[in-house]
Amino acid sequence: MHESTISQRERNRLDTWNAVHEAAQAIAWEEGPQEAAVEAIAARAGVSRRTFFNYFPTKEDAILGTRTPEVSEGDIERFRTSDEDELTRVVHLFVAVVRTAIPEATSPQRRRIIGEHPSLQRRVLRLLSEVERIVAEVIQARVEDGDDVALAAPGDGARLEALLMLSGVIAKYAFHRYQESSAEDPREFLDESIAMFREVVDTTR
């Protein structure tokens, strides 16, 4: 959304989100993530403890600048109507949901602080597990509605589970490569990662 189209209320919310995130990250840099208690973060940002939890579910999210993952109707529609093969479109759906949880705008700072405090990576991994759950629900809904023949055939739960797990691994691998790079968009690694996993499967049969 262009800045000029953001309402004052939205601007205020964004300003508060940034203030809490910056306060949390500052404390984490100065004293370590273990010292970045919610109360300390809220006090530094000039907000209440209640306001903190209106913006971030955990102190790790405040430090990392991450959000609760979600899937948009637009992403569901693209998944439904794409003419790409099922593995590719599931991987792309994974990454679309990942981007709602792990914003690109906070990526450079996040990469640096995770490099300094690797324990923070655990929160990222938990977010990715939540992304998997959301994607699984989208896929299951499509199959139960009978709208996605490609995913339903040859039609058993084990196949769908395997597809979901493989897609998640590929998405995580692409995201991992993105985190270690200076790239601005994780999608740069998607097609390459999909091709690499296909090659590994083909050459190890």
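Below is a short write-up of the structure. (Residues numbered from 1 in each chain as written. Predicted model: local features only at pLDDT ≥ 70, side-chain atom pairs only at ≥ 80, totals over all residues. Heavy atoms only, no water.)

Okay, the nonpolar core next. Counting 50 residues, the largest nonpolar core has Ile41, Val135 and Ile139 as its most contacted members. Top contributing element to this core by residue count: helix α6 (residues 86-101), with nine residues. (Core = buried A, V, L, I, M, F, W, Y, C linked by side-chain atoms within 4.5 Å. Buried < 20%, exposed > 50% of the residue type's maximum accessible area, 1.4 Å probe, protein only. Helix = DSSP H or I, 4+ residues; strand = E, 2+ residues; numbered from the N terminus.)

The next thing to look at is the environment of Tyr55. Here Tyr55 lies in helix α3 (residues 49-55). Overall, Tyr55 belongs to the buried group, its relative accessible area being 18%. Linking Tyr55 and Asn18, residues 37 residues apart in sequence, is a C-alpha distance of 9.8 Å. What Tyr55 contacts, discounting residues up to four positions off in sequence, is Arg13, Thr16 and Trp17. (Contact = heavy atoms within 4.5 Å.)

Turning next to the pattern of salt bridges. This model, assessed by the stated rule, comprises eleven salt bridges. The salt bridge partner of Arg198 is Asp85, with a shortest N-O separation of 2.7 Å. Placement of the pair is Arg198 in helix α11 (residues 190-203) and Asp85 in the loop between α5 (73-81) and α6, with a sequence separation of 113 residues. With a relative accessible area of 36%, Arg198 lands in the partly exposed category. A residue is classified by how much of its surface remains accessible, and Asp85, at 37% relative accessible area, is partly exposed. Note that Arg99 and Glu104 form a salt bridge whose closest N and O atoms lie 2.3 Å from each other. Overall, the relative accessible area of 27% leaves Glu104 in the partly exposed class. Among the ionic contacts, a cluster of salt bridges with common partners joins Glu130, Arg133 and Glu137. (Salt bridge = Lys/Arg side-chain N within 4 Å of Asp/Glu carboxyl O.)

The next thing to look at is the packing of aromatic side chains. According to the stated counting rule, one finds four aromatic pairs in the structure shown. Measuring from centroid to centroid gives 5.1 Å for Phe52 and Phe53, while their planes differ by 80°, and the two rings are edge-to-face. According to the relative accessible area criterion, Phe52 is buried, its value standing at 0%. Among the residues examined, Phe53 registers a relative accessible area of 36% and is labelled partly exposed. Centre to centre, the rings of Tyr173 and Phe197 are 5.5 Å apart; their planes meet at 70°, and the pair counts as edge-to-face. Note that Tyr173 is positioned in helix α10 (residues 157-179) and Phe197 in helix α11, a separation of 24 residues in sequence. (Phe/Tyr/Trp six-rings, centres within 6.5 Å; stacked < 30°, edge-to-face > 60°.)

With that out of the way, let us pick up α6. Here α6 spans 23 Å end to end across 16 residues, near enough to the 22 Å set by a 1.5 Å rise per residue. Along α6, the residues that are buried comprise Leu87, Thr88, Arg89, Val90, Val91, Leu93, Phe94, Val95, Ala96, Val97, Val98 and Ala101. (Expected span 1.5 Å × (residues − 1).)

All right, on to the layout of surface pockets then. As a volume, the second largest pocket reaches approximately 310 Å³. As for the second largest pocket, its lining consists of 13 residues, of which Asp75, Arg78, His92, Leu93 and Ala96 are closest to the centre. Those elements giving two or more residues to the lining of the second largest pocket turn out to be α5 and α6. Classifying every residue of the lining of the second largest pocket gives five nonpolar, two polar and six charged. (1 Å grid on protein atoms, 1.4 Å probe; cavity = no way out; pocket = protein on both sides within 12 Å on 5 of 7 lines; lining within 4 Å. Points joined across faces, edges and corners; volume = space filled by probe spheres on them. Nonpolar A, V, L, I, M, F, W, Y, C, P; charged D, E, K, R; others polar.)

Limitation: the analysis is restricted to geometry and does not speak to function.
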